[in-house]
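These are the residues of each chain, in order.
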Amino acid sequence: NASYTDGSGTVESVTSDGLTILANLDAATIDLIEMYVIILGRAPDSSGLEFWHSILTSGKTFDYVASEMWESPGAKEFYPLSFSTDKIVTNVYNNVLGREPDAEGKAYWIGQWQNSGPVATMREMINALSLDNSQDPIALADKAVFQAKIDVGGFLALTRDSEDVGLAKAAYDMLEDGYSLAQTL
């Protein structure tokens, strides 16, 4: 049961206002939604999520699918080949957390990106967010925003069966601006 603290300090659960935001999602679907957050900065559209999920369940590895997502035309719009690693890491921070990176975090992730490549680094970023048990207020806020984006992404793609990419991006912008889950949905 995930929760999100909105900009006014209200803590909400994924069943806020009687809405069931997520059905019981399998790990593969959650992994794919996380990749949409990192790579495209938005919730998945229903058909896109279904497309990538079908490739994953056809026997391809997650790393293969994540690499294909990274190389997709949509990703290249966000991360053109001309982007430096510095710019890529900054964009990932903005997509995932809705904020600029701190100097220490930016330097660390630039090094990881250069040494490990995009897929391994994105997966490490997800693990760092998901497994962080820090009580640091910034870390807690980062984790809450990321989890809320996963929840909203699943809700829009699976519960609402949405194909509206603009709505998906607008929902994430609202979360980053401090709107509650109920207000966002």
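Source: prediction; values computed, not measured. (Residues numbered from 1 in each chain as written. Predicted model: local features only at pLDDT ≥ 70, side-chain atom pairs only at ≥ 80, totals over all residues. Heavy atoms only, no water.)

1. A few points about the overall build of the protein
Then, number 1: Along the protein, the regular secondary structure elements total ten helices and two strands.
Then, number 2: The helix and strand sequence of the protein, counted from the amino end, reads β-β-α-α-α-α-α-α-α-α-α-α.
Then, number 3: Within the protein, the proportion of its 185 residues that are buried is 46%.
Then, number 4: Taking as baseline every contact in the protein between residues at least 6 positions apart, the subset at least 24 positions apart corresponds to 61%.
Then, number 5: Working note: accessible area of the protein is about 9,000 Å², and carbon and sulfur atoms make up 52% of it. (Helix = DSSP H or I, 4+ residues; strand = E, 2+ residues; numbered from the N terminus. Buried < 20%, exposed > 50% of the residue type's maximum accessible area, 1.4 Å probe, protein only. Contact = heavy atoms within 4.5 Å. Areas by Shrake-Rupley, 256 points an atom, 1.4 Å probe, with all protein chains shown as cover.)

2. Some points on the side chain of Arg-42
Then, number 1: If you trace the backbone, Arg-42 turns up in the loop between α1 (27-40) and α2 (46-57).
Then, number 2: When its relative accessible area of 12% is taken as the criterion, Arg-42 is described as buried.
Then, number 3: A polar atom in the side chain of Arg-42 sits 3.5 Å from the side chain of Asp-45.
Then, number 4: Here Arg-42 is in contact with Tyr-36, Val-37, Val-165, Ala-168, Lys-169 and Tyr-172, once residues within four sequence places are set aside. (Polar contact = N/O pair within 3.5 Å; in protein donor to acceptor, adjacent residues only side chain to side chain.)

3. A look at the nonpolar core
Then, number 1: With 46 residues, the main nonpolar core has Leu-32, Met-35, Ile-39, Met-69, Val-92, Val-96 and Met-122 as its most contacted residues.
Then, number 2: Ranked by residues supplied to this core, first place goes to α1 with nine residues.
Then, number 3: Setting aside residues no more than four positions away along its own chain, Val-92 makes contact with Ile-38, Tyr-79, Leu-97, Trp-113 and Met-125. (Core = buried A, V, L, I, M, F, W, Y, C linked by side-chain atoms within 4.5 Å.)

4. With respect to α1
Then, number 1: Between its terminal C-alpha atoms α1 stretches 20 Å, which fits the 20 Å expected from 14 residues at 1.5 Å a residue.
Then, number 2: The buried fraction of α1 is high, at eleven of 14 residues.
Then, number 3: Taken together, the buried positions of α1 are Ala-28, Thr-29, Leu-32, Ile-33, Glu-34, Met-35, Tyr-36, Val-37, Ile-38, Ile-39 and Leu-40.
Then, number 4: Taken from the residues just after α1, Gly-41 is the one with a positive phi, measuring 65°. (Expected span 1.5 Å × (residues − 1).)

5. Overview of the packing of α1 against helix α7 (residues 118-131)
Then, number 1: For the pair α1 and α7, the least separation of the axes is 11 Å and the interaxial angle reads 110°. Judged by the angle between their axes, α1 and α7 are roughly perpendicular. In this structure, α1 crosses over α7, and the sense of that crossing is right-handed. Taking contact as the criterion, the partners of Glu-34, Met-35, Ile-38 and Ile-39 in α1 are, on α7, Met-122, Arg-123, Ile-126 and Ser-130.
Then, number 2: Here the residues of the contact of α1 with α7 sort into five nonpolar, one polar and two charged. (Axes fitted to C-alpha atoms, helices over the stretch in contact; angles between N-to-C directions. Parallel < 35°, antiparallel > 145°, perpendicular 65-115°, else oblique. Left-handed = near helix turned anticlockwise from the far one by under 90°. Nonpolar A, V, L, I, M, F, W, Y, C, P; charged D, E, K, R; others polar.)

6. A short note on the pattern of salt bridges
Then, number 1: For the coordinates displayed, the defined rule picks out five salt bridges.
Then, number 2: Its salt-bridge partner being Asp-45, residue Arg-42 comes within 3.5 Å of it at the nearest N-O pair. (Salt bridge = Lys/Arg side-chain N within 4 Å of Asp/Glu carboxyl O.)

7. Considering the packing of aromatic side chains
Then, number 1: One pass over the full model with this rule turns up five aromatic pairs.
Then, number 2: With 4.8 Å between their ring centres and 40° between their planes, Trp-70 and Tyr-79 make a pair best called tilted.
Then, number 3: Trp-70 gets classed as buried once you look at its relative accessible area, which sits at 6%.
Then, number 4: The exposure class of Tyr-79 is buried, given its relative accessible area of 2%.
Then, number 5: These aromatic residues form a ring-pair network of at least three members: Trp-70, Phe-78, Tyr-79 and Trp-113.
Then, number 6: Over the ring of Tyr-64 we find Lys-60, and its NZ or CZ is 4.9 Å from the ring centre. (Phe/Tyr/Trp six-rings, centres within 6.5 Å; stacked < 30°, edge-to-face > 60°. Lys NZ or Arg CZ within 6 Å of the ring centre and 35° of its normal.)

8. As for the environment of Ser-130
Then, number 1: With respect to the element layout, Ser-130 can be found in helix α7.
Then, number 2: Residues Ser-130 and Phe-146 lie 16 residues apart in sequence; the distance between their C-alpha atoms is 8.7 Å.
Then, number 3: Sequence-distant contacts of Ser-130, defined by excluding residues within four places in its chain, comprise Glu-34, Lys-143 and Phe-146.

The quantities given are spatial measurements derived from coordinates; they are silent on function.
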